[in-house]
Every structure is written in C-alpha cells, then in structure tokens.
Amino acid sequence: DEQINWSLPGGLVGGTSKDEENWELADAIWEAASNHGFFIHIRIGPYQCAEYSYGGIPEWVPLTNPKMTMRRPNQYWMDQMEIFVSSTIDYLTLHKLWSDQGGPIVLAQIENELGDTDIKSPQEDHVIQNADGTYATQQDYASWCGALAQRLQPNVVWTMCNGLTANNETINTCNGNSDCWSNWIVQHGQSNLIQVTQPALWTEVEEGFQIWGDDPSNPSDYFWSRDVTSITNDVMRWFARGGSHINHYMFWGGYNRERMSAGGIMNAYSLEAPLCPNGQRHYPKFDHLRLCHSLLAEIAQVLLNADSALNKGRAVKYKIANGSDDNSTWMVSTTEQRMFVYSNHDTDVIFVENDAAHLCISMVYLLVREIITNIVKEILQSPLIWEISLLWRKKDGTMAMIIIYPFCQSLWAIII
C-alpha cells in the first residue's frame, strides 16, 4: 500500500534534503515491492488524511483562487485535482508500473474517506450549478472522481475508501477495526455492492497512530496502538466472512520527512507498528502477524475457490460450567459460538469463533468433531480462554490449526 503525498517538497522524484535528492518513487516501488514479489495498491488521493495538515494537499492549492473549496464539486478545486491526478498517472505509466504494463500496481485509489455530509452553503462553497438551477452534491463529486480515474487509467481496478463511492467506476473499501467485519461487510459495504458484485477489501486495518491533537498524558486507545491479538482476531474474522484483502495501517511505523506540517505528530508516525519507524522488527508483534499471514497464504486457494461464508455461520455447541460436569449445561447458539466452513475438493477450512468465554469452557462440536482428533478437542476444552481458531485438513490427510488467545502475544500453530 503506497500513498502519494502531493505536498512533498520534491513531489514524486525526491525532496530537497541531501538524503532525499536521489529518491524517486518509481525506484522505491520496483526495489522495495516488485523485487520482493509484492503487489501495490497505489493511493493517489490527492487527499490522504494521514494526520497531515490539509491531508497532504499543499497549502498553496487553496490560495490559487479565493473561490476554491477543496473536496467539493467546485470547478476550481476539480481543475487543480485533475492536474495532479493526471500528472501522477502519467508518471506511473511512463515508468511502466501498472499491472497491464507488467508492473506491480494492481489497485489504485482516488480520494479518501469522502464524507456524505450535505453541502451547507452551495453559494459560499461556489458549488457547480446545474442547468436546471440545482446544485451539484457530494455524490456528484464522488462520481466525477470515479469517472476521472477511469478516463485517465481504465486498465486498473479503482477504489474509494470509507465513504462515498462512484459505484460504477470504483469499489467501496473499509477503514477501521472490528466494525469492518462486524458491520461493514455484513451490510455489503456502504455501496451495498460488496460480496454482491464486488470483492471485500479492507484498506486500513487500523492498529494505532498519533491522532490529531491527542494528549499523550490522556491518550485515546489508538494513540499507542492496539495489542496484536486484537488485530489478528479482527483479521481472521474478516476472512471468515469472505474478505478478499487487507492492508495494515500501519505495518511500518514510518517517519515524517523534512519540515512536514502535521497536528500532534513527531518524526515517528506509529511507534508501536510491527516494523518500527527505524526499520527494526517489533517483537513479538512482527512474528505474530508474519505467522498469521503465512497460514492465511497456505489456505488462500481454498478461500478463493469456495463461496463466501458471509451470513452462513453455523452454531457450535458449548458448555456452561455450573460448578461440576453434572450441573453443566450444553447450549447451541450462533450468537455465542459459530463456525464458517470453506471446502474445495478434498480440503476443508473452518473458522471457529468463540464469544462465550465469559460463560463457559468451550469446545468444538458438531461438524468439526468429524475432522479433528481428540488431541485438538483436549486443547479447545482447556481452561485457556480462546477467541478464534482456524482449522484445515490438507490434501495429504494431515490437519493443521491455529488458536488465538486474547491474553498472550503469540499464535499457537499445531500440525497434526
């Protein structure tokens, strides 16, 4: 995932400091991504938020015309935006970075978290007036963004995240944490097209960053970062519901170059990221997520070739302990414990989720009991409280599983 910052002093070809004068975006993409087998989601914006002043839009832009209102259906803004987007796409095309040219860029984003708030004063915002006397809306602006992207580069999949979407030209994507798997994907996104005609893409699995104006002496939960088991729990529940893609925000902590203006941000952006701002691996968070993604990669073909299990969670039997086994009660409920099953030929993948930890010692039952061994049953009946597990039967007949515990900093991987 690569965001383009319009306000960088040197644009796409480096800054003004000695350390940056030889830096170029094309080289960074080829060397850091393509040479390591990565694909790129390029996020052009031009608004990117990222806790920068104006969200990365240069401060001189609104000064070009006193009638400009940024990120509105305002012709003066749209003209400046088109110049930037067009020049960025031309640059990427010149360096053959798009996937249809053999490059690593497979997704591109225009705009960012565009709100659907009604324009309060079309006259003051100098909003475009239609022939019938009505004024253009924010949805009209979103649709213009999508049309602009498709006109300038029609051979790549375009996205718009966490807000209004040009439905016929762009895919609506999610930014957030647990709300992405618990609400957004279930409601088919904000466009109502996700897992209907479009895939489910999670562009920002939000894990912690310095919020605008946050006070270090009384910070929000995001200020220093979420714990890694919560992050992994969200990721696994997303894929259990048919999610196709995630991007960690942030995986690398990043740093702010030169004299960049930003509210409440020091040189390091996210101190608790899996890769620290100085490039050092943040253990055990780094290993935890690396193992998670390795396991997901191993089962990817099954998930991709099976129908989505969204809204198809199956109830899993669990036991409420009342002092002794004789007094224990067996319950079946998809609200407390459920499984999502994916099958492809002779391979089964099962996500098992436990939200009944406050009530019981849980065990996997029903369908799962037919394909796992007594060893796994004993693990899942243990006093350790678990939140989600992933099980799969491989083609060679062996079994594998992982269990995520909320109070430890590791994934348990058992190969049977």
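Keep in mind the model is a prediction, meaning the values are calculated, not measured.

> Honestly, the packing of helix 2 (residues 75-94) against helix 3 (residues 138-152) in this entry has me stumped. Any pointers?
When two helices pack together, their arrangement is given by the angle between their axes and by how far apart the axes lie. Contact geometry for helix 2 and helix 3: axes closest at 11 Å, N-to-C directions at 30 degrees. Between helix 2 and helix 3, the crossing angle belongs to the class labelled roughly parallel. In the packing of helix 2 onto helix 3, the handedness of the crossing is right-handed. Note on element contacts: helix 3 touches helix 2 through Y141, W144, C145, L148, R151 and L152, opposite W77, M78, M81, E82, V85, S86 and I89. Considering only residue class, the contact of helix 2 with helix 3 consists of ten nonpolar, one polar and two charged.

> How do you make sense of the side chain of E111 when you look at a structure like this?
With respect to the helices and strands, E111 occurs in the loop between strand 3 (105-110) and helix 3. Engagement of the side chain of E111 in a polar contact is seen with the side chain of R71, the distance being 2.8 Å. At a separation of 2.8 Å, a polar atom in the side chain of E111 contacts the side chain of Y141.

> Mind showing me how you'd approach the state of the cysteines here?
One way to say it: the disulfide is the covalent bond shared by the sulfur atoms of two cysteines. Counted under the stated rule, the structure contains one disulfide. Disulfide pairing places C174 opposite C180 at an S-S distance of 2.1 Å. One quick way to see it: the torsion about the S-S bond of C174 and C180 is about -85 degrees, and its sign makes the bridge left-handed.

> Mind showing me how you'd approach the sheet that holds strand 4 (residues 157-161) here?
Ordered in space as 1-2-3-4-5-6-7, the seven strands form an open sheet in which the pairing is parallel. Since the sheet does not close on itself, it has two edges, and those belong to strand 1 (2-3) and strand 7 (245-249), each with one partner. Sheet topology places strand 4 next to strand 5 (residues 171-176); three bridges connect them, and they run parallel. Within the sheet, the bridge partner assigned to M160 lies in strand 5 and is N172. Against the sheet, helix 2 makes contact with strand 2 (40-45), strand 3 and strand 4, and its axis sits at roughly 155 degrees relative to strand 2, the strand it touches most. The strands that helix 5 (residues 228-240) touches are strand 6 (201-206) and strand 7; relative to strand 7, the one it contacts most, it runs at about 165 degrees.

Calculation criteria
Residue positions are given per chain, counted from 1 along the sequence in the order it is written. The predicted origin of the model limits local features to residues at a pLDDT of at least 70 and limits the giving and counting of side-chain atom pairs to 80 or more, whereas totals for whole chains, interfaces and linings rest on all residues. Side-chain measures were taken over the full set of non-hydrogen atoms in the model, leaving aside hydrogen atoms and water. A fitted line through C-alpha atoms represents every axis, and for helices the fit uses only the stretch in contact; the resulting angles, taken between N-to-C directions, go from 0 to 180 degrees. Per the convention used, a helix needs a DSSP run of H or I reaching at least four residues, while a strand needs a run of E reaching at least two, with both numbered from the N terminus. For classification purposes, an angle smaller than 35 degrees is called roughly parallel, one larger than 145 roughly antiparallel, one from 65 to 115 roughly perpendicular, and anything else oblique. Handedness of a crossing is defined here by the sense of rotation of the near helix relative to the far one, left-handed for an anticlockwise turn of less than a right angle and right-handed for a clockwise turn. Throughout, a residue-residue contact means that at least one pair of heavy atoms, one from each residue, lies within 4.5 Å. Three classes are used, and their members are as follows: Ala, Val, Leu, Ile, Met, Phe, Trp, Tyr, Cys and Pro are nonpolar, Asp, Glu, Lys and Arg are charged, and the others, Gly among them, are polar. Any pair of nitrogen or oxygen atoms within 3.5 Å is treated as a polar contact; in protein, a donor-acceptor pairing is required on top of that, and neighbouring residues in sequence qualify only through side-chain atoms on both sides. Cysteine sulfur atoms are paired as a disulfide whenever they fall within 2.5 Å. Here a strand pair is declared whenever DSSP counts at least two bridges between the two strands.

Function cannot be read off these values alone, since they describe shape.
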